[in-house]
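Below, each chain spelled out in residue letters.
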Amino acid sequence: MNALQTILDDRALAVVRAPSISDPAALADAVARGGIRAVELTFTTPGVLQLLRDAADAGAVIGAGTVLTGEQARSAIDAGAQFLVTPGLRPEVAEVAATQNIPVMMGALTPTEVMNAIDLGAAAVKIFPARALGPAHFKDLLGPLPDARLVPSGGVNASNAAEFLKHGAVAVTAGTDVVPPASVAASNWDDIASRARTFVESLGPQQ
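Residues numbered from 1 in each chain as written. Predicted model: local features only at pLDDT ≥ 70, side-chain atom pairs only at ≥ 80, totals over all residues. Heavy atoms only, no water.

## Considering the overall build of the chain
Then, in step 1: Looking only at helices and strands, one finds 10 helices and eight strands in the chain.
Then, in step 2: Its C-alpha atoms give the chain principal-axis dimensions of about 45 × 35 × 30 Å.
Then, in step 3: When the 207 residues of the chain are sorted by exposure, 50% land in the buried category.
Then, in step 4: For the chain, long-range pairs separated by at least 24 residues make up 53% of all intrachain contacts whose partners lie at least 6 apart in sequence.
Then, in step 5: Placing the 14 positive and 20 negative side-chain charges of the chain at their respective mean positions leaves the two points 4 Å apart. (Helix = DSSP H or I, 4+ residues; strand = E, 2+ residues; numbered from the N terminus. Buried < 20%, exposed > 50% of the residue type's maximum accessible area, 1.4 Å probe, protein only. Contact = heavy atoms within 4.5 Å. Lys, Arg positive; Asp, Glu negative; His and termini not counted. Charge placed at Lys NZ, Arg CZ, Asp CG, Glu CD.)

Here you go:
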């Protein structure tokens, strides 16, 4: 099963934004115990390439986020990333992903940006920041673009995640609501697993 299908099956992925991660494999395992198997580690975390390697070696479904350049894309894939995520339209990243047959989730907000992301080969489109226009924006986007795979990121939590799915999102991004930097710093994996479980339960039953 590829990484994108895992995200679609779980209806969620976890993005980790933390100044440091002591044990990325244990972090990925904690989130998976809560029901979210795909984890995105971002280039805003120092030493992310080694973190990707460690998590990938442990068998985690791992991806690289905040990928801005083709060079970052190549290095992330070499380190074991199974999917890439960008904050906006990055043709160079899309090209590398296509060459390596790695799914890329490209950031967008407007209908034009969504269409451009799809044209660039995005396997799914990350609507960021999702908090800006809320769940209703997804229904609006899917009116003219019914086949778009949209994933909200930014401001998604256990209190609103189900609404994004209700309005047409194919999956949602769990951020600091599930993986607080303080819990990562304290290696409090049980807390993160519990938060992931609460988040997944908030999504409701599969349709």
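From this point, the narrative continues.
## What about the pattern of salt bridges?
Then, in step 1: Applying the stated criterion to the full structure yields four salt bridges.
Then, in step 2: For Arg33, the salt bridge identified is with Asp29, shortest N-O distance 3.4 Å. Linking Arg33 with Asp29, this pair stays in helix α2 (residues 24-33), spanning four residues, or about one helical turn.
Then, in step 3: The partly exposed category is assigned to Arg33, whose relative accessible area is 41%.
Then, in step 4: One continuous salt-bridge network, built from bridges that share partners, spans Asp29, Arg33 and Asp190. (Salt bridge = Lys/Arg side-chain N within 4 Å of Asp/Glu carboxyl O.)

## Here we look at empty space enclosed by the protein
Then, in step 1: A complete count under the given rule lists one cavity of 30 Å³ or more for this structure.
Then, in step 2: By volume, the largest cavity is sized at about 40 Å³.
Then, in step 3: Together, Leu4, Ile7, Phe83, Pro103, Val104, Met105 and Ala123 line the largest cavity.
Then, in step 4: Its residues placed into classes, the lining of the largest cavity shows seven nonpolar, no polar and no charged. (1 Å grid on protein atoms, 1.4 Å probe; cavity = no way out; pocket = protein on both sides within 12 Å on 5 of 7 lines; lining within 4 Å. Points joined across faces, edges and corners; volume = space filled by probe spheres on them. Nonpolar A, V, L, I, M, F, W, Y, C, P; charged D, E, K, R; others polar.)

## Focus: the pairing of strand β6 (residues 124-127)
Then, in step 1: Where burial is concerned, the two faces of β6 agree: the one with Ala124 and Lys126 and the one with Val125 and Ile127 are both buried.
Then, in step 2: You can see the chain leave strand β5 (residues 104-108), run along helix α6 (residues 111-119) and come back into β6, and the turn it takes is right-handed.
Then, in step 3: Pairing geometry for β6 and strand β7 (residues 150-152), over three bridges, is parallel. Across the sheet, the residue bridging to Val125 is Leu150, located in β7. (Right-handed = clockwise from strand over helix to strand, strands pointing away. Pairing = 2+ DSSP bridges.)

## Some remarks on the layout of surface pockets
Picture a little ball the size of a water molecule; that probe, rolled over the atoms, points out where space is still empty.
Then, in step 1: Here the largest pocket is characterised by a volume of approximately 270 Å³.
Then, in step 2: What lines the largest pocket is a set of 16 residues, and nearest its centre among them are Val15, Arg17, Ser153, Gly154 and Gly175.
Then, in step 3: Here the lining of the largest pocket is composed, by residue class, of five nonpolar, six polar and five charged.

## Looking at the nonpolar core
Then, in step 1: Core analysis: the biggest nonpolar cluster contains 63 residues, and Leu84 and Phe199 have the highest contact counts within it.
Then, in step 2: With near-sequence residues (within four places) excluded, Phe199 lies in contact with Ala12, Ile36, Val156, Asn157, Ala158, Ala161, Val172, Thr173, Ala174, Asp177 and Val178.
Then, in step 3: One finds Ala3, Ile7, Phe83 and Val85 within the second-largest nonpolar core, a separate group that totals 13 residues. (Core = buried A, V, L, I, M, F, W, Y, C linked by side-chain atoms within 4.5 Å.)

## Focus: unusual backbone geometry
Then, in step 1: Cis geometry marks the peptide bond from Phe128 to Pro129, where omega comes out at -5°.
Then, in step 2: Its location among the elements puts Pro129 in the loop between β6 and α7 (136-142).
Then, in step 3: At Thr66, a position not held by glycine, the phi torsion is positive, near 50°.
Then, in step 4: Note on placement: Thr66 falls in the loop between β3 (61-65) and α4 (70-78).

## A short note on the environment of Pro91
Then, in step 1: You can see Pro91 is positioned in helix α5 (residues 91-100).
Then, in step 2: Distance from Pro91 to Gln5, taken between C-alpha atoms, is 23 Å for residues 86 residues apart in sequence.

## Focus: the environment of Pro129
Then, in step 1: Given a relative accessible area of 26%, Pro129 falls into the partly exposed group.
Then, in step 2: For the pair Pro129 and Val156, spaced 27 residues apart in sequence, the C-alpha separation works out to 9.4 Å.
Then, in step 3: Ignoring sequence-local partners within four residues, the contact set of Pro129 consists of Leu109, Ser153 and Gly154.

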